Structures are given as C-alpha cells and as structure tokens.
Amino acid sequence: MTNEELQALTEEISNIHFNRPFRHKAYFNKRLRTTGGRYALYSHNIEINPKQLEFYGEEALIKIIKHELCHYHLHLEGKGYQHKDKDFKTLLAAVGGSRYCQTLPGSHNKTHTVHYYQCTSCDRFYKRKRKINTSRYVCGACKGKLKKIKSLPSEKY
C-alpha cells in the first residue's frame, strides 16, 4: 500500500464511520517502533507504522486508523481526545477502533549492554546502561576516580 492509498483509505473511513471529512495528511512512517500510529496535535497529520500492515494485515490497519481518527476528530472539536478521556473511549467503542495495537515480532527480545564501574577510592560499584567518560565523571560518594570493570549483555537492567 502506498501513502496515496493510505490517504484515500483514511478519508473513506473518516467519511463512513465518523460522518466528517479528514482534511489533513495520512502517511506511513517507518521510524515508528513501539506504536501502531500517531496523531500529531499541531499538524493534525496521522502517521502509521507500515510494519503493522505488513505483519497483521489490512484489518488491523483499519482499526489503527479508526483509533487515530478518534484523536483527530475529538481534538478538532475541542473534546477529550486523550486515551483517558470518556469522550475518546466512547467514540472508539462506537466506531470499532482498537484500543491497543498488536506487538510486533522481535520487539521484546532485544538485549542491552550493561556497563559496570568501580570507584578506585571507596570501592563503590555503579551499574549503567550508557557508557561513562571516566576522565570526566567521578564517584558520587567520595569524588574518587572511576574505572570500568566490564560490559555485559543483559536482557533486563
């Protein structure tokens, strides 16, 4: 599906299910990782994760579009457009949109490197997700020098 086809589908869904036109842009955004779609408050555009279509098909895509259109129409009307708002929940249930999108395969099994440091003065240990510049940072307890001990891949921090 192209961006033009997505735009046409979004306009059609808006007209049929919301009885209102969609006057902004809908397009695929390959950089989206953890969400199925996104409604931009300032530009009023809708971005869709193309992997949702790839892995779960057009039915899942339509539910995501309905979800984002709920944000869109409620925001433009000045009503509660956030997930927590009653207006949003009511409209989402009325049009049959999805509350959550399905998790993409392989998105939960990424390993992260954990870096371990030790103070040379007081022997305090530090565990960090990001590397530390040991010539710039010092121990928070005694202001001693830090030395890197090891880096290990870890599932959880």
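Residues numbered from 1 in each chain as written. Predicted model: local features only at pLDDT ≥ 70, side-chain atom pairs only at ≥ 80, totals over all residues. Heavy atoms only, no water.

**Digging into the sheet that holds strand 5 (residues 125–128)**
And step 1. With antiparallel pairing, three strands are arranged side by side in an open sheet as 5-4-6. Each having just a single partner strand, strand 5 and strand 6 (146–154) make up the two edges of the open sheet. Going across the sheet, the axis of each strand differs from the next one's by a mean of 20°, ignoring polarity. (Pairing = 2+ DSSP bridges. Helix = DSSP H or I, 4+ residues; strand = E, 2+ residues; numbered from the N terminus. Axes fitted to C-alpha atoms, helices over the stretch in contact; angles between N-to-C directions.)

**Describing the layout of surface pockets**
And step 1. Considering only enclosed or pocket space, the second largest pocket measures out at about 180 Å³ in volume.
And step 2. Around the second largest pocket, the lining is made up of 13 residues, and of these Thr35, His67, Glu68, Arg99 and Cys101 lie nearest the centre.
And step 3. The dominant element in the lining of the second largest pocket, judged by the number of residues it contributes, is helix 2 (residues 50–77), at four residues.
And step 4. A breakdown of the residues in the lining of the second largest pocket according to their chemical character gives three nonpolar, eight polar and two charged. (1 Å grid on protein atoms, 1.4 Å probe; cavity = no way out; pocket = protein on both sides within 12 Å on 5 of 7 lines; lining within 4 Å. Points joined across faces, edges and corners; volume = space filled by probe spheres on them. Nonpolar A, V, L, I, M, F, W, Y, C, P; charged D, E, K, R; others polar.)

**So, the pattern of salt bridges**
And step 1. As enumerated under the stated definition, the model contains three salt bridges in all.
And step 2. Two residues, Arg20 and Glu77, come together in a salt bridge whose shortest N-O distance is 3.0 Å. Placement of the pair is Arg20 in the loop between helix 1 (3–18) and strand 1 (26–28) and Glu77 in helix 2, with a sequence separation of 57 residues.
And step 3. Look at Arg20 and you get partly exposed, because its relative accessible area is 31%. (Salt bridge = Lys/Arg side-chain N within 4 Å of Asp/Glu carboxyl O. Buried < 20%, exposed > 50% of the residue type's maximum accessible area, 1.4 Å probe, protein only.)

**Some words on the environment of Ser14**
And step 1. Note on placement: Ser14 falls in helix 1.
And step 2. On the accessibility criterion, Ser14 (0% relative accessible area) is buried.
And step 3. Spatially, the C-alpha atom of Ser14 lies 10.0 Å from that of Tyr72, the residues being 58 residues apart in sequence.
And step 4. Not counting chain neighbours up to four residues away, the residues in contact with Ser14 comprise Asn19, Arg20, Pro21, Phe22, Leu69 and His73. (Contact = heavy atoms within 4.5 Å.)

**Structural notes on helix 3 (residues 86–95)**
And step 1. Taken as a whole, helix 3 has its buried residues at Phe88, Leu91, Leu92 and Val95. The buried side chains of helix 3 occupy one side of the element, clustering within an arc of 100° when seen end-on. Summarising the geometry of helix 3, the exposed residues directed more than 90 degrees from the buried face are Lys86, Ala93 and Ala94. (Arc of directions from axis to C-beta.)

**What to know about the sheet that holds strand 1**
And step 1. The three strands are arranged 1-3-2 in an open sheet whose pairing can be described as mixed. In this open sheet, the two edge strands, each paired with only one partner strand, are strand 1 and strand 2 (37–39). When strand polarity is set aside, the average angle formed by the axes of neighbouring strands in this sheet is 20°.
And step 2. Relative to strand 3 (residues 46–48), strand 1 runs parallel, the two sharing three bridges. What sits directly across from Phe28, in strand 3, is Ile48.

**Quick notes on the packing of helix 2 against helix 3**
And step 1. Between helix 2 and helix 3, the least distance of the axes is 10 Å, while the angle of their chain directions is 135°. Considering the angle they form, helix 2 stands oblique to helix 3. Where helix 2 crosses over helix 3, the two elements pack in a sense that is right-handed. For the pair helix 2 and helix 3, contact is made by Lys66, His67, Cys70, His71 and Leu74 and by Asp87, Phe88, Leu91, Leu92 and Val95, respectively.
And step 2. Its residues placed into classes, the contact of helix 2 with helix 3 shows six nonpolar, two polar and two charged. (Parallel < 35°, antiparallel > 145°, perpendicular 65-115°, else oblique. Left-handed = near helix turned anticlockwise from the far one by under 90°.)

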